[in-house]
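Observations on chain architecture
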Amino acid sequence: MKVMIIMGSKTDESVMQESQNWLNWFGIENEMVVASAHRNPDKVAELMKSAKANGFGAVIAAAGMAAALPGVCSAYTSLPVLGVPLDGGLPGGIDALYSIVQMPAGLPVGTLAVGKAGARNAAVLCARIFALSDNAIAEKVEAFKAQEYKM
């Protein structure tokens, strides 16, 4: 299984590169995609509808300000969606955090910390999810724990 890292803007890549780096350390294949819930809603819908068939097992969705992307992703897929709020609107990314964490019942988005810490933790959470059915990833998760949660 792979992880799709989706972000609303190319400018988010410097933060979301952290997810990619950490997923690579765990040996998890991943792809980074730029698609905005506001500017390219049809592209987001198609990516999510076809994600499982294309070998993805989870989605990490990052967004700032109104932060609609993680929720829209969750609406179009049954895969786990992990939301990473990004700074860009109100100080500390609080607007994005509230937007992502306040999803309606039945439409979950696992919400992580704002920024790079959230991007890293999203990758670790994906590794823990994938470790349930992949022994090689499970071994990497245990090694990560033994290294005091450091790569």
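As recorded in an unreviewed UniProt entry, the protein goes by the name N5-carboxyaminoimidazole ribonucleotide mutase, listed as coming from Taibaiella lutea. The heading Function (unreviewed entry) in the UniProt record of the protein holds the text "Catalyzes the conversion of N5-carboxyaminoimidazole ribonucleotide (N5-CAIR) to 4-carboxy-5-aminoimidazole ribonucleotide (CAIR)."

**Points about helix 1 (residues 13–25)**
Owing to its 3.6 residues per turn, the α-helix aligns residues three or four sequence positions apart on the same side. Between the first and last C-alpha of helix 1 there are 18 Å, a value that for 13 residues agrees with the 18 Å anticipated at 1.5 Å per step. Along helix 1, the residues that are buried comprise Val 15, Met 16, Glu 18, Ser 19, Gln 20, Trp 22 and Leu 23. Among the structural elements, strand 1 (2–7), strand 2 (30–34), strand 3 (56–64), strand 4 (81–86), helix 5 (116–131) and helix 6 (135–146) are those in contact with the buried residues of helix 1.

**Thoughts on the pattern of salt bridges**
Within this structure, the stated rule accounts for 3 salt bridges. Here Lys 2 makes a salt bridge to Glu 31, at a shortest N to O gap of 3.1 Å. Taken together, the residues Lys 2 in strand 1 and Glu 31 in strand 2 connect sequence positions 29 residues apart. Where Glu 13 meets Lys 10, a salt bridge forms, and the shortest distance between an N and an O atom there is 2.5 Å. Using a relative accessible area of 58% as the deciding quantity, one classes Lys 10 as exposed.

**Description of the nonpolar core**
Note on soluble globular proteins: their nonpolar side chains tend to be buried together. With 27 residues, the main nonpolar core has Val 3, Met 16, Leu 23, Ile 28, Ile 60 and Val 84 as its most contacted residues. Only strand 1, helix 1, strand 3, strand 4, helix 5 and helix 6 provide two or more residues apiece to this core. Those residues in contact with Ile 28 that lie beyond four places of it in its chain are Met 1, Val 3, Leu 23, Cys 126, Ala 127, Phe 130 and Ile 137. Ala 37, Cys 73, Leu 79 and Val 109 belong to the second largest nonpolar core, which has 20 residues in total.

Cut-off values and rules
Residues numbered from 1 in each chain as written. Predicted model: local features only at pLDDT ≥ 70, side-chain atom pairs only at ≥ 80, totals over all residues. Heavy atoms only, no water. UniProt positions renumbered as here; feature names shortened; annotations may be inferred. Helix = DSSP H or I, 4+ residues; strand = E, 2+ residues; numbered from the N terminus. Expected span 1.5 Å × (residues − 1). Buried < 20%, exposed > 50% of the residue type's maximum accessible area, 1.4 Å probe, protein only. Contact = heavy atoms within 4.5 Å. Salt bridge = Lys/Arg side-chain N within 4 Å of Asp/Glu carboxyl O. Core = buried A, V, L, I, M, F, W, Y, C linked by side-chain atoms within 4.5 Å.

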